[in-house]
Amino acid sequence: MAAFLQWRKFVFFDRDAVKDPVDHGKDFALPGGISTCDSGRGHVLTCFQAYKLQVTHLYQLKQHSILVSVGEDEHGINPLVKVWNLDKRDSGNPLCTRIFPAIPGNKPTEVSCLSVHENLNFMAIGFTDGSVVLTKGDITRDRHSKTLTLHEGTVPVTGLAFRQVAKVTHLFVATLEKVHCYTLSIKEYPQVELDTHGCALRCSSLADPSQDSQFIVAGDECVYLYQPDERGPCFAFDGQKLLARWQRGYLFLLIRDAKSPNKTEFGSRENASSEKQLLTIYDLDNKFIAYSAAFDDVIDVVAEWGSFYILTRDGKMFVLQEKDTQTKLEMLFKKNLFVMAINLAKSQHLDSDGLSEIFRQYGDHLYLKGDHDGAIQQYIRTIGKLEPSYVIRKFLDAQRIHNLTAYLQALHRQSLANADHTTLLLNCYTKLKDSSKLEEFIKSSESEVHFDVEIAIKVLRQAGYHSHAVFLAAKHMHHEWYLKIQLEDLKNYQEGLRYIGRLPFEQAESNMKRYGKTLMHHVPEGTTLLLKGLCTDYQPSGDAAERGSLDRDQISKCKANSEEFIPIFANNPRELKAFLEHMIEVDPRSPQGVYDTLLELRLQDWAHDQDPEVSQKRQR
């Protein structure tokens, strides 16, 4: 149950008296003796002779130019139903396509309410004796419809409403004491008793799909909403209800002023003295009162041409025109009601630019109040519309690094971050020493977070987060960065050598030329072994299946020029000699430089030999 006493009140409607279309200076005067009202199809006031005595009920369909009326052509209790086609004329009047008695038998009883389905295949008439008569078939013709008594009771029927969702048709029936629902799309017309309290005449209505097409029943203590099979939410809007209408997403309630005398039983208004009544317009979705004002003895509230019209028994007619969305939002902004403004904007289907501007204003408001956590959540909702620098500057100045981090994370999640944003986010992580967040960021999948990997590696390396930088380089195959960090920063020569050995030929060759001397100095045996392979039949030390897929032509092409690597062995003559001897043995057609260098090494050994036998052997 929602108590409306906590709901805020606004003036979202402008009220004016309707002016006479002929004499523009004067207020329009309604004709006297109005007994019932309805509107639709571009009509609020239409005049033609429908009955000889009186009209008691009207129902204007919204999707068809069909008007259904109940009235009397003769004295006594013999109400007649007439169906009018407003698009066709008969002697100047709308064409009456059908006339039939409202009472199916000869039992005299008065009509209390009327409802017609928009598909023109159902019409329901409620009576004061508690019965409901259903007409099924084409309601505009006698030959194509049949009538049956759907509901019987002992207390007057006060409200009827058809509900159509997909192919299922329901009829809600309200009486003074109960609420029922019939399923008309099932042959037996099964019914459910939804509640054991009802409502007065004209105090029920059907909501639109925004409220799931629920049946609204306005009791004196609460307003209840019903689904076809159960009672839904209720709202504690107290006061004696005189009228309930659902119009264009709003609930209109007319409540009798507590100081006014009671009306006659069953809502009859004839011979009633003038009384003050409070008309209140509720927005049930956003939980506020859109308008509330006192009127004198209201006959009805009808909607047409995008406005609402209030007809009063003293002959006056007022129009309520809703303020535009922007005006309503500005009224909420002035009161710092930003959450309500956001909800209102969404319900009015404001575009994303408009919503983003509200989020920005809300963020600014919270920022000025010192609620930086709340502000950053609103600024995050502006991503994609508001220039990120607007937010970043605020939180750099305020030294709110946690909030700035949250915003930058969101910017990356939405793939809208540039290189500067990535640099800034990683700097935030490193300043906060938040290794877990940093790991989460760099280990996230590309579908989750997009960022400039090379920039991230540079920032992490500069901040001393070498293991994180290495992980990124390996994950995204930035080979040069991986080797640069492993060999220059971490001095992890064995891992660097292993990594080169797994690279494709061209990259392995270029990196050995770049880091060969360093590796030879620290890992001479492993480096020599890799160079032997690189200059003969190099195959990356990876997946065996992948290696097997290389054909012989590819293998023969993957062979480096051994002569180009001789300078790497400058300080390692023993390894150089082993390398050269291997090359001559494997490939006798090795470059001339290989033979020359090997000869030179052997001559040097001969010159320095102290053992005559070894020296003589070398000489031969």
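First, a word on scope: everything that follows refers to the structure included in this document. (Residues numbered from 1 in each chain as written. Predicted model: local features only at pLDDT ≥ 70, side-chain atom pairs only at ≥ 80, totals over all residues. Heavy atoms only, no water.)

**Details of the pattern of salt bridges**
Following the criterion strictly, the structure yields 25 salt bridges and no others. Lys 385 serves as the salt-bridge partner of Asp 353, at 3.1 Å between the closest nitrogen and oxygen. Pair noted here: Asp 353 is in helix α3 (residues 352-369) and Lys 385 is in the loop between α4 (372-380) and α5 (388-397), with a separation of 32 residues, a long-range link. The class for Asp 353 is partly exposed, based on a relative accessible area of 47%. For Lys 385, a relative accessible area of 46% translates into the label partly exposed. The salt bridge involving Asp 364 is made with Arg 360; its shortest N-O contact spans 2.5 Å. With Asp 364 and Arg 360 both in helix α3 and 4 residues apart, this pair spans about one turn of that helix. Grouping residues by exposure puts Asp 364 and Arg 360 together as buried. Residues joined by salt bridges that share partners form a network here, namely Arg 202, Arg 245 and Asp 300. (Salt bridge = Lys/Arg side-chain N within 4 Å of Asp/Glu carboxyl O. Helix = DSSP H or I, 4+ residues; strand = E, 2+ residues; numbered from the N terminus. Buried < 20%, exposed > 50% of the residue type's maximum accessible area, 1.4 Å probe, protein only.)

**Examining the sheet that holds strand β9 (residues 122-127)**
Pairing is antiparallel across the open sheet formed by 4 strands, whose spatial order is β8-β9-β10-β11. The outermost strands of the open sheet, each flanked by one partner alone, are β8 (111-116) and β11 (145-151). Within this sheet the neighbouring strands show an average axis-to-axis angle of 20°, counted without direction. The pairing of β8 with β9 spans 5 bridges and is classified as antiparallel. Bridge pairing in β9 links Ser 115 to Ala 124. (Pairing = 2+ DSSP bridges. Axes fitted to C-alpha atoms, helices over the stretch in contact; angles between N-to-C directions.)

**Here we look at the nonpolar core**
The biggest cluster of nonpolar side chains holds 106 residues, and the ones touching the most others in it are Phe 13, Tyr 379, Tyr 407, Leu 531 and Leu 534. Sequence-distant contacts of Phe 13, that is, excluding residues within four places in its chain, are made with Tyr 250, Ile 281, Ala 290, Tyr 291, Phe 308, Leu 320, Gln 321, Glu 322 and Lys 323. Listed in part, the 29 residues of the second largest apolar core include Phe 172, Tyr 224, Trp 246 and Leu 251. (Core = buried A, V, L, I, M, F, W, Y, C linked by side-chain atoms within 4.5 Å. Contact = heavy atoms within 4.5 Å.)

**Observations regarding unusual backbone geometry**
Most peptide bonds adopt trans geometry, and most residues besides glycine take a negative phi value. Positive phi, close to 50°, is recorded for Arg 248, a residue that is not glycine. Position of Arg 248 relative to the elements: it lies in the loop between β20 (241-247) and β21 (250-256). Phi is positive for Ser 415, which is not a glycine, with a value near 60°.

**A closer look at the packing of aromatic side chains**
Per the stated rule, a full pass over the model turns up 26 aromatic pairs. Grouping aromatic residues by their ring pairs yields a cluster made of Phe 13, Tyr 250, Phe 252, Tyr 291 and Phe 308. The side chain of Lys 82 reaches across the aromatic face of Tyr 51, ending 4.4 Å from its centre. The side chain of Lys 394 reaches across the aromatic face of Tyr 367, ending 4.6 Å from its centre. (Phe/Tyr/Trp six-rings, centres within 6.5 Å; stacked < 30°, edge-to-face > 60°. Lys NZ or Arg CZ within 6 Å of the ring centre and 35° of its normal.)

**Focus: the pairing of strand β18 (residues 223-226)**
Regular strands have side chains that alternate between both faces of the sheet. Alternating residues of β18 divide into Val 223 and Leu 225 and Tyr 224 and Tyr 226, and every residue in both groups is buried. Where strand β17 (residues 215-218) lies against β18, 4 bridges are found, and the strand directions are antiparallel. Looking across to β18, one finds that Ala 218 is bridged to Val 223. Where β18 meets strand β19 (residues 231-236), 3 bridges bridge the pair, whose relative direction is antiparallel. Residue pairing in the sheet places Tyr 226 in a bridge with Arg 231 of β19. Taking the residues that link successive antiparallel strands as the turn, the β18-β19 hairpin has 4 residues.

**Considerations on the environment of Ile 383**
The topology assignment puts Ile 383 in the loop between α4 and α5. Exposure remark for Ile 383: the relative accessible area of 9% places this residue in the buried category. Not counting the four nearest positions on each side in its chain, Ile 383 is found in contact with Tyr 407, Ala 410, Leu 411, Gln 414 and Leu 416.

**Topic: the sheet that holds strand β14 (residues 179-183)**
In space, the 4 strands of this open sheet follow the order β12-β13-β14-β15, with antiparallel pairing throughout. Only two strands of the sheet have a single partner each, and these edge strands are β12 (157-165) and β15 (191-195). Averaged over neighbouring strand pairs, the angle between their axes works out to 20° when direction is ignored. Two strands pair when backbone bridges link them, and β12 and strand β13 (residues 168-175) are joined in this way by 8 bridges, in the antiparallel orientation. Across the sheet, residue Val 165 finds its bridge partner in β13, namely Val 168.

**So, the side chain of Thr 430**
Considering the arrangement of structural elements, one finds Thr 430 in helix α7 (residues 419-432). Since its relative accessible area comes to 11%, Thr 430 is described here as buried. Those residues in contact with Thr 430 that sit more than four places away from it in its chain are Ala 463 and Tyr 465.

**Considering α5**
Of the residues making up α5, those classed as buried are Pro 388, Val 391, Ile 392, Lys 394 and Phe 395. Buried residues in α5, looked at end-on, bunch into an arc of 160°, giving them a common side. The elements touched by buried residues of α5 are α3, α4, α6 (401-413) and α7. At the exit of α5 stands Gln 399, carrying a positive phi of roughly 55°. (Arc of directions from axis to C-beta.)

**Observations concerning the pairing of β8**
Counting buried positions over the 6 residues of β8 gives 6, a clear majority of the element. The turn linking β8 back onto β9 is made up of 5 residues, and Leu 120 within it adopts a positive phi angle of 65°.

**Looking at the environment of Gln 494**
Considering the arrangement of structural elements, one finds Gln 494 in helix α12 (residues 493-500). Distance from Gln 494 to Thr 527, taken between C-alpha atoms, is 9.3 Å for residues 33 residues apart in sequence.

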